[in-house]
Structures are given as C-alpha cells and as structure tokens.
Amino acid sequence: MREERTPFIRLAKRGSMDPRKIWLIRVSSIVIALILGFIPILLTGNNPIAAYGVIIDGSLSRPVYIRQTVKIAVPLLGCALAIAPCFKMRFWNIGGEGQITMGAVAATFFALNFAGTVPHVLLLIIMFLAAAIAGGIWAFIPAFFKAKWNTNETLFTLMMNYIAIGIVAWLQGGPWEGRKGSQLIPMFDDAARLPNVLGVHCGWILVLVLVVLMYFYMNKTKQGYEIAVIGDSANTARYAGMNVGWIIMRTMFISGAICGIVGFMTVSGANYTLYSGVANGVGFTSITVAWLSQLNSFAMIFISMMLAVLEKGANTLQTRMSVPASISDIITGILLFAMLSCEFFINYRMILRGKTKKEVEK
Amino acid sequence: MRKLGLMLLALVLSCTMLFAGGAGETATTASADGTTTVKVGLICIGDENDQGYTYNFIRGRDEATQILAEEGINVEWMTIFNIGEDASCIDANIEAAEEGCQIIINNSYGFEPFMLEVVDDYPEIEFISCTNCASWNDGRDNTHNAFANIYEGRYIAGVVAGMKLQQMIDEGQITPEEAVIGYVGAYSFAEVISGFTSYFLGARSVCPSVTMKVMFVGSWSDATAESDAALALIDEGCVMISQHSDNTTPATAAQSRGVFHTGYNNDMTGIAPNASLIGTRIDWGIYFSQAIRAYVNGEEIPQDWCAGMGEGAVVMTPLNEAIAAPGTAEKVAEVEAALADGSLEVFDTSTFTVAGETLTHAYALDTDGDFTADSEEAVYDGAFHESEFQSAPYFTVQIDGIEWLNSAY
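Residues numbered from 1 in each chain as written. Chains lettered and ligands numbered in written order. Predicted model: local features only at pLDDT ≥ 70, side-chain atom pairs only at ≥ 80, totals over all residues.

**Focus on the overall build of chain B**
Along its length, chain B carries 10 helices and 18 strands. Computed over the C-alpha atoms, the radius of gyration of chain B is 23 Å, within 12% of the 22 Å expected from 2.2 N^0.38 for a compact globule of 409 residues. Dimensions of chain B, computed from C-alpha atoms along their principal axes, come out at roughly 80 × 50 × 45 Å. Here chain B, with 409 residues, has 52% of them falling under the buried criterion. Contacts in chain B between residues far apart in sequence, at least 24 positions, make up 67% of those at least 6 positions apart. (Helix = DSSP H or I, 4+ residues; strand = E, 2+ residues; numbered from the N terminus. Rg over C-alpha atoms; globule rule 2.2 N^0.38 Å. Buried ≥ 20, exposed ≤ 12 C-beta atoms within 10 Å, placed from the backbone. Contact = placed C-beta atoms within 7 Å.)

This is the structure in structure tokens:
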C-alpha cells in the first residue's frame, strides 16, 4: 500500500557529477533547443537551416554587423555584471531596468544642459559619475527597506522600474521635450557622446575592464567573501559578526551604480538621446545572462555575445526572409529555457516510481 | 569547456551559412530586357494589420510598384515592420543600408532624428523621412522629406460630418447646441492640430452651431487607448467622432454607441458600416513612384516634396451613401473643385478667431533649432498658408470653438 503512494516521479539532489557528463548535458541541451527552434521557422514556411545561417550571417559576417552585435552585447554584459553580486547574496535585484533608466536620466540631464559649456572629456566624466550615483541611489532605496524592515526586494525593485520609466515618460512629454507635442528629447550634442573605438562606442572597453574588476571583487576581496557568506546563510554571517544590513545596502549601491553606468553608455554611446524604453529589457535579459554564466564574469562575455548574435541575427532574418521578429524571440526563449532547465538536471535527478525498489536495495 | 561548446555551436551554424541568402545588389541593375531594378527599403512603425497608418503606406508601396513596372522599373522592396521611434530605428536604417537598399524610406515622424545618425555613413544612399521636416535645414544632399496636404482631405471629411450634423439638427434629433464633434488625437502636435482644425472648419462651414472636443491619447498607435478616448468623448455628448491616430477602434467605438464617424488613412466603412461616413488618406504611391523614378533617371529626388488633392496625393475614401446626408456627394465635388482652383482657402482667417481676435500673424519655420517657429510669415492674403514653406504642417494655433480636454501630450 505504501508503495502506491510514492509519486510517479521523484527528484533527488545529485552528489557530484563527472564534469565531462555535465558539459555533455549542456551542449546537448543547446542542440535540442536549436532543433526545437526548427518548429516556429517551419511554421513560417522557411528552411530552418537557412534561417540559422542568416542569423549567423546577419550578426557576424561583416564588420558593420559585428559592431552592431557588440553594441547589443555591451549593456547585457554590463548589467549582468551589476546584478551578479546581488544574486550571489540571494538578493533578487530585478530592478536593473529602473537603475539603468535612472542612470540614463542623470547622464542626460548633464548632456542637455552642459554640452555647450563643459569640455568633452570632463562632461563625459561628470555624466559617468552622475549616472553611477543616480543608479546607485535607485538601488539603495529597496536595499535600505530590506535591511531595516525586511521588505520583499523582488517586488520592491520591480516596482521601482515602473517609477523610473514613468519619470522618463514625463520628461519626454514635459520639461525635456524638443518640438512641441513630439514626445522626443533632442539628440545629444557631440560633446556629450562617447567616442568610438574600432567602430563601437568605447563602452565595450569599459565593460571588459569591469569584467576583470568584478571577478577580483567577488573572488579576491573581503567584501566579495562577505557577499558569498550571506548568500549561503545570513545567520552564519550574523554569527560571524558581519553587519548584514550594511552589506546588503553597500552591495546594492554598487550594483545600481554599475547599472547606472550602463544607462550612461546607452544614451551617450548608442542612442544619443533618452526615451522611456532606454533599458530595452536589458535589466531582465541580463538576469538570464548572469544565471547561465553561473555568476562567472568571464562566462558572461560569451553568453551576452550569444544573445546579441541571436538578437542582431533576428533583425536580418526579418529583412531577408520576412520572418517576423517575434519568431526569433520564440527561438531565443526556447534556447534560454533549455539551457536553464539543463542546469536543473545537472543538480537533480529524476527517480521514476518503478526504480524505487532498486534504488533502495542499492 | 563552455567556450568550446559555444565555438562548436558557432561552427555548426556557420557551416549552414552556405544555404543563406546573400546580400542584395548595391547598384541599380539594368537587365537585358531593358528593365531596371532598384532596391528600396521601407521602415514602418507598425504593420499592415493596423488597417490604418502603416497599411496606407503598404498600399502606396504596392501602387508605386505597379506604376513603375509599367515603365520598366522593377522595385525590389525590403519592408521592415514594427520599428519604434527609438534607437532601433538607427539599427533598422543600418540594416537596410547594409542589405543593399539604394533608397530608404522612414514612414514615421519620430524616425527622422535617428535616421540622421546613419545618413552620413552612407552618402550614396538616399534617405527619405515622411512627415518630418529637417531636410531643408540639415545641409545634406541625401536626405529628403515628403508630406501631402492632408488638411484638404480633412476639411472635406469635416464638410461631410457637418452636413450629417446639420441634417440631424434639421430633423430634430439633436438641438443645434448638441452638435458636438469628438476628436481622438495622438499628440498636441502641429500635424494633429492642423488636422483637427481643418476638419472643424470644414464642419462649421456647413453647420454653423458645431463645436468640438479633442482628447489626446499620447500615442500614434494604441488601439485600446484610442477606443477609450472615443468612448469617453461619446460619454461627454459627442455625436460625431473623428480621429488622428493609426487604428480603426474609434470607428468601432462610434458604431457600438450609435454615433457617426469619419476616418483617416483607410476606408473604415467596412468595419463600421452604420457609423463611418467617409475617410481621407494620403496616396503615397504618387510620391513613391515620383521619387524612385527620379532616382532611376539620375535626377534629384525632391528635397521637400508636398502635393495636394489636385495632384492626387490626397484622396477621399468612398462616401457611405447609405448614411450620409442627402446632397453630400454633390457638396464634396463642389468643395474639391474650389480647393483645386484656389477659390477656397482651408485656413481662411475670416472663418475663425483666436481668443476672440482675428489671426494676423504666425511664423512657419524654425531656423535656429529651438523648436519654436521664428521666420516666414504664414498669414497673408487673408489666410494661414499651411504646408507652403515646408511640407510638414506648422499650424499650432488654438482656435475658438475647439476645446482641448487634455493637452498633457
């Protein structure tokens, strides 16, 4: 009788696993995802192999396309780096979107008002610092409430996104509007634009430096260690005499500041103006980047480039094969789903009911 | 290892590149049979499913293709849909340029500043921004603007609406004071203000007691908000709905409440047969075919193109005879003729007042980039001359008789 009550599938945490087997699972999950991706492409009446070819061709085949792809990857990588310490701490910062936006607002304020009077490099430094502080403060607010009153940071950071986006929407139609009724903020003066290096705004150098800095911060510093301890157990951290509230606030400020810098790079290097969609979903997509990279800074470079290839390739897919852009969103979704779920199978194993006896005997 | 996996993936995918379609031709190609092929990009804010703004461009595209095919010019279109008025427009223009388009047309007002970020990298490609106005002042040879005198079509739609309202007054269905038009506008922006003012003046020319309420929705295309605004206007007592927004939902809202409607961009009598009287639209086929023909013949594409009903660039959609007031068709023909021969000015300053005064002065152009018009007097010979100094409308005056319910947008 008892055996009948056993669920059909049970899950058990795995012990260690052969690293080669782990990578086999990961690679095959990508292959399976790509094969599943055939279905939506077939539904549009196109050859899936050709479609994947167009995605690669449209994102990597020419210098211009590579630049465009890198331009998409830069904010993804920057924001993934920003949220990594929060996630390590098990503080769910899903407010990257809002922190990017507020950084962009602060940078835009100086771009619009001081472009004529402040020299180029100095203006860019001011915009950089202003964006970092604004993004940092935007992230600090939920961290403060979490530390003092243990509010739910997931909801809090999420709601802060909408406030930030609302502020920009108001600025667009109000004080910063260009031509009356146009809802458009004027394009930045050249003095407020990031210079290009190898055809892409120099933000790409900045994020690569951040990759190294973040790696050292997380792995080689006392603060990085504190973050790891809190992530494992906040009580252990308290017992060890750490000021958990303070560490949460400090880490969130750093996280928000990096997001703010991403916002600065986006308005000053890529968009040359501010609008309410400035974050463009990066704050959310970068969560996937961070997870898939298992919070490893260097792995984030490849994951963000992979997502950028898919996104840029999707545009070419639309123009060359008239495949709606939403189809490639579906493929991206399948790919991310497969890659995230394969991590699940690496950490857990499924036990079918029939096997139970054998397992027990063993 | 992860790196290896990704490289493997990239390798597998690049093997498939052989099957991929290559980039397009970069020069106008004349084939043996005497036809010429030109590749044109069309970047759209929506897609044809809006049955309004973008659909109207697609109609223009197909019409131009047909006109030019008869002249031996093949147009290969690359149409990019659903681009926002944001940095994705920069990317779309780069994409079209890299894929070999020789002419790139941007269909929405807000695309122009982003388009201008790309034009200098591709001096051999001609860029066109429809409905915007930077080209005359941007010092570049490869940028162009185009618009049509849509205010003429709106004036006539207003006449049709006014005749219906007057019929309702004469038949005792409403009192003269209840002849209120509700107008769903996108933004409090010159193109919209010019449009609803001309519409109102058309209505008042045949129904003297008419007044109008305008509600802005803060978006060019938001089907739900447009419907909500129309319903709110009907709740405020409006018995006639018109619109300057991209969707057909104001028409269906009017139909559902038993009031009348006139449309924009498309014939909406099909989806609201008991409400929609007539519509007006720009026939972009006229401009597209002229611009592409000029390009193929090695001539200059007009720097700032503008044409009106006389040239066929603005057309009325079929009149819904079943519900229009008797005599409407004749009146429309009469007004069309008067507009064509210049005996009727839409913005005749003797037909409206601003804060009780006759309008005597308004500038047309902004020359210093501060977004306020500062030169070229638009008011002369007893009328405000719209779309004369640049194709994009510049009428921004709030006239008496039109109430703005919200001007935040």
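**Points about the sheet that holds strand β11 (residues 276-282) of chain B**
In a beta sheet, neighbouring strands are held together by backbone hydrogen bonds and run either parallel or antiparallel to one another. Residue and element names in this part refer to chain B. The mixed open sheet is built from 7 strands, whose spatial order is β13-β11-β10-β9-β7-β8-β18. Each end of this open sheet is capped by a strand with a single partner; those strands are β13 (314-316) and β18 (402-404). On average, each strand axis in the sheet is inclined to that of its neighbour by 20°, with strand direction left out of account. Across 3 bridges, β11 lies against β13 in antiparallel orientation. Bridge pairing in β13 places Ile 282 opposite Val 314. On top of the sheet, helix α5 (residues 150-170) reaches β7 (180-185), β9 (240-244), β10 (260-264), β11 and β13; it is set at about 175° to β11, its chief contact. (Pairing = 2+ DSSP bridges. Axes fitted to C-alpha atoms, helices over the stretch in contact; angles between N-to-C directions.)

**Let's talk about the confidence of the model for chain B**
Interpretation of the predicted coordinates at a detailed level should be avoided for regions scoring low in pLDDT. All names here are of chain B. Predicted confidence across chain B gives a mean pLDDT of 88, with 92% of residues reaching 70 or more. Put simply, helix α1 (residues 2-15) is where chain B has its lowest mean pLDDT, 46, and strand β4 (residues 103-106) is where it has its highest, 96. Contacts of residues 1-26 to residues separated by more than four positions or lying in other chains number 39 contacts, the stretch itself having pLDDT below 50. Reported confidence for the predicted complex is 0.84 by ipTM and 0.85 by pTM. (pLDDT = per-residue confidence, 0-100.)

**Here we look at the pairing of strand β2 (residues 36-43) of chain B**
Residues and elements named next belong to chain B. With 6 of its 8 residues buried, β2 lies for the most part within the structure. Both β2 and strand β3 (residues 73-80) contribute to a ladder of 8 bridges, which runs parallel. Bridging across to β3, Val 38 finds its partner in Val 75. Pairing of β2 with β4, which is carried by 4 bridges, proceeds in the parallel orientation. Paired with Ile 43 across the bridge in β4 is Asn 106.

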